[in-house]
Structures are given as structure tokens and as C-alpha cells.
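Residue-level structural notes
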Amino acid sequence: MKTYHIVTFGCQMNERDSETLAGMLEDMGYGYCPQFKEADVCVLNTCSVRENADKRFYGVLGQLKNPHEQNPGRIVCVCGCMMQQQIHIDKLKAKYPWVDLVFGTHNLHDFPRLFRNAADQHEKIVEVWKDGEPIAEGLPAKREYPFKAYVSIMQGCNNFCTYCIVPYTRGRERSRAPEKVLEEVRCLAAAGTKEIMLLGQNVNSYAGISDGSEGSPFSGKTGFAQLLKEIDKVEGIERIRFMTSHPKDISDDIIECFGSLQHLCRQIHLPVQAGSDRVLKRMNRHYDSAHYLSIVEKLRKACPDIAISTDIIVGFPGETEEDFMSTLDLVRKVRYDSAFTFIYSVRHGTPAEKYEDQVPEEVKHERFNRLVEEIHRIQEEKSAAFQDAVLPVLVEGPSKTDDKILTGRTESNKTVDFPGDQSLIGKIVPVRIVKAQTFSLYGKLI
Ligand code: SAH
Ligand code: SF4
Ligand code: F3S
């Protein structure tokens, strides 16, 4: 049997796309090969959100030096967000002529046809569409886990935050019909999936148009809160999560879901990006820190123990020490359970690329370190509160370092390690926390 391996960079949307690519390859008769360099088909699904992601892709691609010499039948495919930018297509053509197939985020559904052409004709194919059509339905998927799954509810982004490449690589917002989402969730539940993560660049602006199918609980336009309420009723789904939420679009209706829906995890990822109103304005985020804090307050009122995580960028052009102090101040006020912190990275073609007041590298790094220190200090304090608590944990698998130890996640998305038998994988079990560390918890099955 011929084999394939997919390397995925970037966010959950890309991971979900790779599951579709894997499903398509398996339908075409290819089997999974754990070693990237030994596979007959190598697919690289790229991300362009920061310079580092671009660099990592070229690093991995470089490892495939002369791929056809090692294996004459090998097919190398590159897709994803980087390929929506001409600059990278040109670079591939010039420096990596042995890449067989290049396609983009908008024609992923056409992969089987493109792939067969590349395989049969042995000629290089580059086919990238500029923008997306309505989302293709009914594509296969090889899911990574049987017990938890990503469900994409929309594609694209309309927000054009001035630092961000995503609107250029993923096109405009398109929502799936709510019936299609519900059908996918029901199928997953029937197959034993316990946890689903609803995906979109900004799920709060979900606006699915009903396809009018018989017996549908939806009609006309459906908002995100309504979609959540229907998904909550699907039997077998015990945990619902979603990401990402844009603060400007989170409605009171959505906030209330945290208090009222039985299966919605008490956890939200709510990227703030910065604490300074001046910086937020220049980022084109459409909210200020007071509004953000008011959302946090409402969330905690609806659901007092909700875990809140965020994304923060330091060193955005023009960020002064005072602006940065506002970010630290906001972090102290919210007291995040966790946070992803990023050093601002100039993205070609975005408005912020042209801002003249870029922050020097050493200043960015120094602020980054101070921010991370503060976040970790708070995280440590918050984590300590879990000591001796009994938490339901969805068991994901054996720990990487010891197969007698299982690893799983709490409702708040914290990792818990505990000794246990592998037969528990995929189940939700009660675990007493005996050691609460900053980034993970250690417990005992009860
Ligand atoms: N749609 C999501 C985020 C997608 S990108 C949202 O709006 O929240 C994930 C994160 O990468 C962003 O939240 C942001 O913090 C970070 N990011 C995006 N562009 C960046 C850039 N040019 N430099 C540094 N970080 C960036
Ligand atoms: Fe990027 Fe902003 Fe869209 Fe998120 S909302 S993907 S940060 S442009
Ligand atoms: Fe990266 Fe594209 Fe996601 S740029 S973060 S893979 S949408």
C-alpha cells in the first residue's frame, strides 16, 4: 500500500483541514505513514500567521531535499495559508521546483482531482483560488481522536485586524447551514464522540442560513447562541467548546449560554490582544479595555467559575511603555487561567506593515518576558486553587513519557496526569488533584 504523511502548521482550522485531506487520501487508497520522510505522499499544510510559522515550513520543506531521488514515485503537495500569497508561490517555483502540487485554502475540496492529475501526469500543478465559494459539504475526514472532534462552523474572517494575515489567506466569512453543523454533531455523537470544539475565526458572528430541510429546528438566519442551544440537546455530546470569540461580537445571549446550557464547558478563549485603548484602536479591534472588562464581568456573573484564556500581542507598532503597562494592568484585573502571548510579527500586505513606529526587537523581547512572568504568576495562583478538588477528566491517552500514566483534560481545559489503565481512554472519570502545578495538574482516580 502506498502511504501518506501530512505535516500541519498553525491553528485548529488547519488541523481540521488536514483531517479532510487525510480522509481524501485514505479514500484514494493511501495508508497513514508515521514517518514524514518515508511516505510516498508528503503534504505540508502551511500557516502564515507569524514569520516563525513561515520559517518552520521552509525548514521542514528543506528536509525533503531531492525527494524524487530517494523515492521516484513520491508526490510532494503544499497547501494552506502561505499558498494564498503569491510571494510564497514564487519562492517555491524558484527554489523548490520538486514540489509537485500547490493548492490553496479555497480549493481544498478539489484536492482529489488535483492530486490525481499531479500523480498521473507527473507535471507540476499550481492551482490557487483568490476567494472562497460557499463551504463544500460532505467531504470525508479522518478524525484524529474518536472521543473528541473539531467541527468547523464557518470559514474566513471579515475583521481585518491591522496586524493579521488571516483575512487575506482565508477570504470572507462564510457560515455553514445550521442543519449541516447539527447533522455532523449528531453523526459524531452516534460514533461515540463526547467532546466537540466548534471552530471559526470569529464564531460570535456565525450567521448560518437554514437549508430548509424537513424537521429542522432552524429557519431563516441562525445566530451562534441558537446553534449552541440546539447542539446542547444532542444526546451523547457531553462537552461543547468553541473558538475563537471576538469580544466585539459576543452577545448577551451567548454569555447567558454559559449559565444555562448543560454541556457547554465553563471555559472561554477571548483574545484581548492589548490592554491599551490607543493600541486596540490601531489594531482595528472595535472595542476598548472597559468594554472587554465588562464582558468578563458578565461572563463571571453568568458562570462564576468560568475559565478565561486569551491571546496577547506585545510590541505592536507604536506601543509605548505606558501602553504596555495598560496590558499588564488588564492581565492583573482579569486574572487569566492561561494566555498565549506573541511578539508582534510584521505580515506582508497588512496595514500595520506600513506603520512607521515599529518597536525595536529588544524592547519587544523585554516586554514579552515581563508579560509572561506576570501571566505565569497568576496562573500558578489560580492553579493552586485546584489542590484536593475532584474534577471530571476526559482521558485522552497515555502520557508521552510513561504509559502507566494517563493524561486528560478538565472542563476548564487544564491537563491532568494520573496513574490509570488505558481502558479508560475516551471516558470521563473523576480525578482528585494531589499536586497542582502552574501548567498541569497531577491527580488520583477516585
Ligand atoms: N481569529 C482569532 C485569532 C486568529 S490568529 C481571533 O481573532 O482571536 C491567533 C492569534 O495570533 C491572534 O489572536 C493574535 O494574538 C496572534 N497574531 C495574529 N497575527 C499576528 C502577528 N502579525 N504578530 C503576532 N501575533 C499575531
Ligand atoms: Fe485575524 Fe482579527 Fe480575523 Fe482574528 S479577527 S483572524 S485576529 S483579522
Ligand atoms: Fe495560520 Fe491560517 Fe490558521 S495563517 S493561524 S493556519 S488561519
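Computed from a prediction, not measured in an experiment: that's the story for all the values here. (Residues numbered from 1 in each chain as written. Chains lettered and ligands numbered in written order. Predicted model: local features only at pLDDT ≥ 70, side-chain atom pairs only at ≥ 80, totals over all residues. Heavy atoms only, no water.)

1. With respect to the overall build of the protein
Note the cut-off: Secondary structure is summarised from DSSP: a helix means a run of H or I of at least four residues, a strand means a run of E of at least two, and numbering begins at the N terminus for each. Both definitions apply: the radius of gyration is a C-alpha atom measure, and the globule rule equals 2.2 Å times residues to the power 0.38. Burial classification: accessible surface area is computed with a 1.4 Å probe over protein chains only, and a residue below 20% of its type maximum counts as buried, one above 50% as exposed, and the rest as partly exposed. Residues count as neighbours in contact if any of their non-hydrogen atoms are within 4.5 Å of one another.
What the protein contains, in helices and strands, is 13 helices and 21 strands. What you see for the protein is a C-alpha radius of gyration of 22 Å, in line with the 22 Å of a compact globule of 446 residues. Expressed as lengths along the three principal axes of its C-alpha atoms, the size of the protein is roughly 60 × 55 × 50 Å. The 446 residues of the protein split such that 53% are buried. Contacts in the protein between residues at least 24 apart in sequence constitute 73% of all its contacts with a sequence separation of at least 6.

2. A closer look at the site of ligand 2
Counted only if it meets this: Proximity criterion: a residue is near a molecule or strand once any of its heavy atoms comes within 4 Å of it. Residue polarity is assigned by list, with Asp, Glu, Lys and Arg as charged and Ala, Val, Leu, Ile, Met, Phe, Trp, Tyr, Cys and Pro as nonpolar; anything else, Gly included, falls into the polar class.
Taken together, the residues surrounding ligand 2 are Cys157, Asn159, Phe160, Cys161, Tyr163, Cys164, Val166, Pro167, Gln201, His246 and Arg285. Here the residues of the shell around ligand 2 are counted per class, giving seven nonpolar, three polar and one charged.

3. Let's talk about the packing of helix 9 (residues 252-260) against helix 11 (residues 289-302)
Under the convention used in this document: To obtain each axis, a line is fitted to C-alpha atoms, and for helices this fit is confined to the stretch in contact; angles are then taken between N-to-C directions over 0 to 180 degrees. Handedness of each helix crossing follows the sense of rotation of the near helix against the far helix: counterclockwise by less than a right angle gives left-handed, clockwise gives right-handed.
Two elements in contact, helix 9 and helix 11, have axes whose closest approach is 7 Å; the angle formed by their N-to-C orientations is 35°. Pair helix 9 / helix 11 crosses with right-handed handedness. Every residue of helix 11 that contacts helix 9 at Asp252, Ile255, Phe258 and Gly259 is listed here: Ile295, Lys298, Leu299 and Ala302. Partitioned by chemical class, the residues of the contact of helix 9 with helix 11 number five nonpolar, one polar and two charged.

4. Looking at the site of ligand 3
Under the convention used in this document: Where a domain begins and ends is set by an automatic assignment or by a domain database.
Around ligand 3, the neighbouring residues are Cys11, Asn14, Cys47, Ser48, Val49, Cys81, Val166, Arg170 and Gln201. Two domains each donate at least three residues to the shell around ligand 3, and these are domain 1 (3-127) and domain 2 (148-384).

5. A word on the domain arrangement of the protein
Interfaces are frequently sized by the accessible area removed from exposure as the parts join. Taken domain by domain, the protein consists of domain 1 (3-127), domain 2 (148-384) and domain 3 (390-445). Computed over C-alpha atoms only, the centres of domain 1 and domain 3 are separated by 35 Å.

6. Considering the side chain of His263
Mapped onto the elements, His263 comes out in the loop between helix 9 and strand 14 (267-269). With relative accessibility at 18%, the residue His263 sits in the buried group. Those residues in contact with His263 that lie beyond four places of it in its chain are Asp232, Ile237, Glu238, Arg239 and Ile240.

7. A few points about the pairing of strand 17 (residues 390-398)
What counts, and what does not: By the convention used here, strands pair only if DSSP detects at least 2 bridges between them.
Two strands pair when backbone bridges link them, and strand 17 and strand 20 (residues 428-436) are joined in this way by five bridges, in the antiparallel orientation. Along strand 20, the bridge assignment pairs Val390 with Arg432. Pairing geometry for strand 17 and strand 18 (residues 405-409), over four bridges, is antiparallel. Note on strand 18: the bridge partner recorded for Val395 is Gly408. Counting the residues that bridge the hairpin from strand 17 to strand 18 gives six residues.

8. Some points on the layout of surface pockets
The criterion, for reference: Definitions used for this entry: grid spacing 1 Å over protein atoms alone; cavity, a set of points where a 1.4 Å probe fits but cannot get out; pocket, an open set with protein on both sides within 12 Å along at least 5 of 7 lines; lining residue, one with an atom within 4 Å of a point. Grid points are joined across faces, edges and corners, and a volume is the space filled by probe spheres set on the points.
In this model, the second largest pocket occupies a volume close to 670 Å³. Of all the secondary structure elements, the ones that give two or more residues to the lining of the second largest pocket are helix 1 (12-27) and helix 7 (178-190). Ranked by residue count, the leading element in the lining of the second largest pocket is helix 7, at five residues. A domain-level breakdown of the lining of the second largest pocket finds at least three residues from each of domain 1 (3-127) and domain 2 (148-384).

9. Let's talk about the sheet that holds strand 14
Read from one edge to the other, the open sheet built from three strands follows the order 14-15-16, with strand pairing classed as parallel. Each end of this open sheet is capped by a strand with a single partner; those strands are strand 14 and strand 16 (338-343). Sheet twist, expressed as the mean angle between neighbouring strand axes with direction ignored, is 10°. By the bridge criterion, six bridges tie strand 15 (residues 307-314) to strand 16 in an arrangement that is parallel. When the bridges of strand 16 are listed, Val314 appears paired with Ile343. Packed on one face of the sheet, helix 13 (residues 361-384) meets strand 15 and strand 16 and runs near 175° to strand 16.

10. Some remarks on the sheet that holds strand 20
As summarised here, the arrangement of the five strands in space is 17-18-19-21-20, forming a closed barrel in which the pairing is mixed. Neighbour to neighbour, the strand axes of the sheet diverge by 55° on average, direction disregarded. Judged from the five bridges that link them, strand 20 and strand 21 (residues 440-445) form a sheet pairing that is antiparallel. Note on strand 21: the bridge partner recorded for Ala436 is Leu441.

11. Details of the pattern of salt bridges
Our working rule: By convention in these notes, a salt bridge is any Lys or Arg side-chain nitrogen within 4 Å of a carboxyl oxygen on Asp or Glu.
Inspection of the entire model under this criterion finds 36 salt bridges. Between Arg335 and Glu381 there is a salt bridge, and its shortest N-O distance comes to 3.0 Å. One end of the pair, Arg335, is in the loop between helix 12 (321-334) and strand 16; the other, Glu381, is in helix 13, and 46 residues separate them in sequence. By relative accessible area, which is 39% here, Glu381 ends up partly exposed. Sharing partners across several salt bridges, the network here consists of Arg16, Glu19, Glu137, Arg143, Arg176 and Glu184.

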